[in-house]
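Chain by chain, the residues:
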Amino acid sequence: MHLDKFDLAILRALQDNARASLNEIGAAVGLSSTPCWNRIKRMESAGVIRGYTVNIDPAALGFMDTVIVHVTLESHSEETLYEFGRALAQIPEVLEAFLVSGDYDYFIRIAVRDTRDYERLLREQLYRIPGIRHSKSSFVLRRLKETMLPLTPPTPI
């Protein structure tokens, strides 16, 4: 899907505040509300806009720590990769999971209440997933940057 400068401006406005009214978005991007609505609907239909979410502070809900886990699997068959991904999807504390290149197979970001909670998660859930050969865990000490997708107007060719 081709996105022009107005589409990108609408996406920036929605990233800043997904609850903004059509009038507010239109004013921010220089369009009336009807063209904004049409563009938003078109981007939703095309899958550019996948949904709308709320940004919750994990610590406010008692999840004080974030753990980054690198995992190596015994096998790299399609079935093993599929089953591992399916098992991770069932663990609510898993925030993100990436199949990666390099020394490890997966990079997983997990929210936990504390070190005991992480130990419980390891014993009761993560280590019960068949096929894990090795894992390495690192607790996040401080988040240095959290950002949205950088949206800039397309460069003319």
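Scroll up to find the structure this text is about.
Only a predicted model underlies this, so the values are computations on that prediction, with no experimental measurement involved. (Residues numbered from 1 in each chain as written. Predicted model: local features only at pLDDT ≥ 70, side-chain atom pairs only at ≥ 80, totals over all residues. Heavy atoms only, no water.)

**Some points on the overall build of the protein chain**
And step 1. Counting secondary structure elements, the protein chain contains 5 helices and 4 strands.
And step 2. Counting from the amino terminus, helix and strand elements in the protein chain follow one another as α-α-α-β-α-β-β-α-β.
And step 3. For the protein chain, the C-alpha radius of gyration of 20 Å lies well beyond 15 Å, the compact-globule estimate for 157 residues.
And step 4. In terms of principal-axis extent, the alpha carbons of the protein chain reach across some 55 × 35 × 25 Å.
And step 5. Within the protein chain, contacts between residues at least 6 apart in sequence are counted, and of these 69% link residues at least 24 apart.
And step 6. Distance between charge centres in the protein chain, computed from 19 positive and 20 negative side chains, equals 4 Å. (Helix = DSSP H or I, 4+ residues; strand = E, 2+ residues; numbered from the N terminus. Rg over C-alpha atoms; globule rule 2.2 N^0.38 Å. Contact = heavy atoms within 4.5 Å. Lys, Arg positive; Asp, Glu negative; His and termini not counted. Charge placed at Lys NZ, Arg CZ, Asp CG, Glu CD.)

**So, the environment of Y127**
And step 1. Looking at where Y127 falls in the secondary structure, it is placed in the loop between α5 (115-124) and β4 (132-139).
And step 2. Separated by 15 residues in sequence, Y127 and V112 place their C-alpha atoms 16 Å apart.
And step 3. Excluding its chain neighbours within four sequence positions, the residues that come into contact with Y127 are L122 and S135.
And step 4. A distance of 3.1 Å separates polar atoms of two side chains, one belonging to Y127 and the other to S135. (Polar contact = N/O pair within 3.5 Å; in protein donor to acceptor, adjacent residues only side chain to side chain.)

**Digging into the side chain of H70**
And step 1. Turning to its location among the elements, H70 is positioned in strand β1 (residues 65-73).
And step 2. Filtering out sequence-adjacent residues up to four positions away, H70 remains in contact with Y104, Y106, F107, H134, S135 and K136.

**Overview of helix α4 (residues 78-89)**
And step 1. For α4, with 12 residues, the first-to-last C-alpha span of 16 Å sits near the 16 Å given by 1.5 Å per residue.
And step 2. For α4, the complete set of buried residues consists of L81, F84 and L88. End-on view of α4: buried residues confined to an arc of 65°, all on one side of the axis. In this structure, α4 carries E78, E79, Y82 and A89 as exposed residues pointing more than 90 degrees from its buried face.
And step 3. Taken together, the buried residues of α4 touch β1, β2 (94-99), β3 (106-112) and β4. (Expected span 1.5 Å × (residues − 1). Buried < 20%, exposed > 50% of the residue type's maximum accessible area, 1.4 Å probe, protein only. Arc of directions from axis to C-beta.)

**Points about the sheet that holds β1**
And step 1. Pairing is antiparallel in the open sheet, where 4 strands are placed in the order β2-β3-β1-β4. This sheet does not close on itself; its edge strands, each paired only once, are β2 and β4. Geometrically, the sheet is characterised by an average inter-axis angle of 20° between neighbouring strands, direction not taken into account.
And step 2. When β2 meets β3, the two strands line up antiparallel, connected through 5 bridges. Counterpart to V94 in the pairing with β3 is I110.
And step 3. Relative to the sheet, α4 contacts β1, β2, β3 and β4, its axis offset from that of β3 by approximately 15°.
And step 4. Of the strands in this sheet, β1, β3 and β4 touch α5, which is tilted by about 130° from β3. (Pairing = 2+ DSSP bridges. Axes fitted to C-alpha atoms, helices over the stretch in contact; angles between N-to-C directions.)

**So, the packing of aromatic side chains**
And step 1. With the rule as written, the count across this model stands at 3 aromatic pairs.
And step 2. Look at F84 and Y106: their rings are 4.5 Å apart centre to centre, the planes differ by 50°, and that puts the pair in the tilted class. Here the residue F84 occupies a position in helix α4, and Y106 occupies one in strand β3, the gap between them amounting to 22 residues. Accessibility assignment for this pair places F84 and Y106 in one class, buried.
And step 3. Both rings, one in F98 and one in F107, keep their centres 5.9 Å apart while their planes meet at 45°; by these two values the pair is tilted. (Phe/Tyr/Trp six-rings, centres within 6.5 Å; stacked < 30°, edge-to-face > 60°.)

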